[in-house]
Amino acid sequence: MEQTATSVTTDPETNGRSTRWRNWSGFWLLGLCNNFAYVVMLSAAHDILKKQSSENNTASASASLTVDFQSGNSSNSSRYDCNPVSTAAVLLADILPTLVIKLFAPFVVHKMPYGVRVLFCAVMAATSFLLVSFSSAVLMSILGVIFASVSSGLGELSFLSLTVFFSRDVLGGWGSGTGGAGVAGAFIYSGLTQVGVSPQITLLIMLVVPVAMLISYFFLLDPPPSVPQWRSRETEYAAVGSEEDEQLIDGSEEEEKSTTEERTTRPLTFTEKLHVIRGLLKFVFPLGLVYFAEYFINQGLMELLYFPDFFLSHAEQYRWYQTLYQVGVLVSRSSLCCVKIRKVWALSLLQVRNRQRGQIRGGKSEGAKQREFAMAAASVGDSLGIALAGLAAFPVHRYFCSL
């Protein structure tokens with residue numbers, strides 16, 4: 001009897017730990033799968049633009065370019081071995097659709113159930129890999145990049161909103177997973193192409209990633225009943241448990257936690273959403289500044305960093321630059337599990353990559369509906385900074401390539 005009682009009392013605790021681990025792992029995989037296509041397109045940016053350069057040459061010039069590519073030299077006269085177009089063009093195709101989604105979707109996306117969103121994101125990601133893999137022109141490749149951007153943008157907005165239904169530690173899993181996507185995407189693309197696998201076959205292999213996203217969401221996560229899986233929620237909103245009864249607008253983290261579920265008879269009004277956005281500006285601007293500096297260097301200037309006497313070609317050097325950069329991203333994003341930094345402006349000054357959204361917590365209980373909307377709206381900061389970085393990179397690219 002004593003053993004039975006002990007077993008009964010420990011089972012709920014064991015089940016709770018198992019559920020938390022499943023959800024943390026699920027969000028880690030969702031973060032990895034969601035950002036995978038986005039990262040791969042950035043890693044393939046040099047190859048995409050190189051294809052354009054090759055197609056614009058005559059047969060003899062194309063043969064010369066092939067020799068130059070293998071030897072690590074360019075057919076142009078610039079000391080920087082420039083592509084005709086900056087890799088920022090791929091960056092803009094990869095981020096502008098995401099920016100548009102993040103600007104407007106938070107106001108209407110609640111009409112689409114989470115299950116439908118995830119299916120849509122997986123289809124868009126798979127389509128992007130197919131388009132870029134079988135493209136016969138750079139415009140078709142750019143279209144594939146745009147599909148990857150739509151998948152990543154809607155997915156990020158949706159999964160960040162979804163975290164309010166779970167324990168707060170899933171944010172750490174999501175942040176670490178997005179960092180893992182950088183390393184996995186860049187390393188797999190660079191590694192397979194390095195050993196002789198064509199970019200086309202490499203991209204086709206990556207079709208397993210959208211499938212993994214569906215498995216992670218529908219089979220690994222253990223969502224509460226309040227998650228609107230297949231029906232949109234228009235009239236009722238159930239807040240999650242006491243651990244999540246914190247608002248995303250204030251800055252304190254040690255407020256009293258509500259022990260009751262709060263319900264409201266209506267969704268947020270447009271005015272209420274604008275009020276939430278106003279409170280998020282102190283997070284959005286530092287986040288945008290960090291990403292501007294980061295991507296201006298990463299996509300605007302890094303392609304110009306070329307060592308002609310090295311054993312790797314220019315395209316190969318670019319791919320491995322991206323891989324090493326993504327390793328740093330993984331380390332810094334995983335740091336959310338160990339440390340929280342409230343002074344996010346300091347990260348902008350230091351140009352340190354971190355998942356500031358993970359720091360956006362605290363406040364007295366205003367309701368889970370504000371938290372869900374705020375998690376979606378706050379994500380616009382990084383996309384805005386990245387888009388501005390892409391625009392700023394064009395004149396810089398032209399200047400250096402004219403030297």
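Engineer: Could you clarify how one ought to interpret the overall build of the protein in this entry?
Structural biologist: When you go through the protein residue by residue, the secondary structure sums to 14 helices and 2 strands. Counting every position in the protein, which comprises 403 residues, the buried fraction comes to 54%. Considering only residue pairs separated by 6 or more positions, the protein has 84% of its internal contacts joining residues 24 or more positions apart. Total accessible area computed for the protein in this model is approximately 17,800 Å², and 66% of it derives from carbon and sulfur atoms.

Engineer: Even after reading the chapter, I still don't get the packing of aromatic side chains, so can you show me in this structure?
Structural biologist: Remark: the centre distance and the inter-plane angle together describe each pair of aromatic rings, the angle taken between the planes. This model, assessed by the stated rule, comprises 11 aromatic pairs. Measuring from centroid to centroid gives 4.9 Å for Tyr-217 and Phe-218, while their planes differ by 90°, and the two rings are edge-to-face. Classification of Tyr-217 by relative accessible area gives buried; the value is 4%.

Engineer: Explain a nonpolar patch on the surface to me, please; I cannot follow it from the model alone.
Structural biologist: A cluster of nonpolar side chains, namely Met-112, Val-116, Leu-119 and Trp-230, defines an oily patch on the protein surface of about 340 Å² accessible area. If you trace the backbone, Trp-230 turns up in the loop between α9 (208-220) and β1 (237-238).

Engineer: Mind showing me how you'd approach the packing of helix α4 (residues 88-104) against helix α14 (residues 380-401) here?
Structural biologist: A pair of packed helices is captured by two measures, namely the crossing angle of their axes and the spacing between those axes. Where α4 contacts α14, the axes come no closer than 8 Å and their chain directions differ by 150°. On the basis of their axis angle, the class for α4 and α14 is roughly antiparallel. Every pair of crossing elements has a handedness; the one defined by α4 and α14 is left-handed. The segment α4 lies against α14, with Ala-88, Ala-89, Leu-91, Leu-92, Ile-95, Leu-96, Thr-98, Leu-99, Lys-102 and Leu-103 engaging Val-380, Asp-382, Ser-383, Leu-384, Ile-386, Ala-387, Gly-390, Leu-391, Ala-393 and Phe-394. Among the residues forming the contact of α4 with α14, the class breakdown is 15 nonpolar, 3 polar and 2 charged.

Engineer: Just checking my understanding: could you explain helix α10 (residues 270-301) for this structure?
Structural biologist: Since the α-helix advances by 3.6 residues per turn, residues separated by three or four positions end up pointing in the same direction. For α10, spanning 32 residues, the distance from its first C-alpha to its last is only 40 Å, which falls clearly below the expected 46 Å at 1.5 Å a residue. Remark: the principal bend of α10, roughly 50°, maps to Leu-280.

Engineer: Explain helix α7 (residues 170-194) to me, please; I cannot follow it from the model alone.
Structural biologist: Over its 25 residues, α7 extends 35 Å from the first C-alpha to the last, a length consistent with the 36 Å expected when each residue adds 1.5 Å. Of all 25 residues making up α7, 20 are buried, and the element is well covered by its neighbours. Phi for Gly-196, located one or two positions after α7, is positive at around 110°.

Engineer: Looking at this structure, I do not really get the nonpolar core. What am I missing?
Structural biologist: Proteins that are soluble and globular tend to have nonpolar side chains buried together. Counting residues in hydrophobic clusters, the biggest one holds 50 residues, and the most contacted among them are Phe-36, Phe-129, Leu-162 and Tyr-217. In terms of residue count, helix α6 (residues 138-162) provides more of this core than any other element does, 10 residues in total. Within the second largest apolar cluster, 30 residues are counted, among which are Leu-42, Tyr-325, Val-329 and Ala-393.

Engineer: Would you mind showing me how to read the side chain of Asn-23 here?
Structural biologist: Here Asn-23 shows up in helix α1 (residues 2-43). The class for Asn-23 is buried, based on a relative accessible area of 7%. The residues touching Asn-23, leaving out its near neighbours within four places in the chain, are Phe-166, Val-170, Leu-221 and Asp-222.

Engineer: What is the right way to look at the environment of Met-213 in this model?
Structural biologist: Relative to the assigned elements, Met-213 resides in helix α9. The spacing of Met-213 and Leu-32 is 181 residues in sequence and 8.5 Å in space, taken between C-alpha atoms. With sequence-adjacent residues up to four places away left out, Met-213 is seen in contact with Leu-30, Cys-33, Asn-34, Val-118, Cys-121 and Ala-122.

Criteria and cut-off values
- Residues numbered from 1 in each chain as written.
- Predicted model: local features only at pLDDT ≥ 70, side-chain atom pairs only at ≥ 80, totals over all residues.
- Heavy atoms only, no water.
- Helix = DSSP H or I, 4+ residues; strand = E, 2+ residues; numbered from the N terminus.
- Buried < 20%, exposed > 50% of the residue type's maximum accessible area, 1.4 Å probe, protein only.
- Contact = heavy atoms within 4.5 Å.
- Areas by Shrake-Rupley, 256 points an atom, 1.4 Å probe, with all protein chains shown as cover.
- Phe/Tyr/Trp six-rings, centres within 6.5 Å; stacked < 30°, edge-to-face > 60°.
- Patch = residues over 30% accessible without salt bridge, like charges linked within 9 Å, V, L, I, M, F, W, Y side chains within 5 Å.
- Salt bridge = Lys/Arg side-chain N within 4 Å of Asp/Glu carboxyl O.
- Axes fitted to C-alpha atoms, helices over the stretch in contact; angles between N-to-C directions.
- Parallel < 35°, antiparallel > 145°, perpendicular 65-115°, else oblique.
- Left-handed = near helix turned anticlockwise from the far one by under 90°.
- Nonpolar A, V, L, I, M, F, W, Y, C, P; charged D, E, K, R; others polar.
- Expected span 1.5 Å × (residues − 1).
- Bend = angle between axes of the 7 residues up to and from the residue.
- Core = buried A, V, L, I, M, F, W, Y, C linked by side-chain atoms within 4.5 Å.

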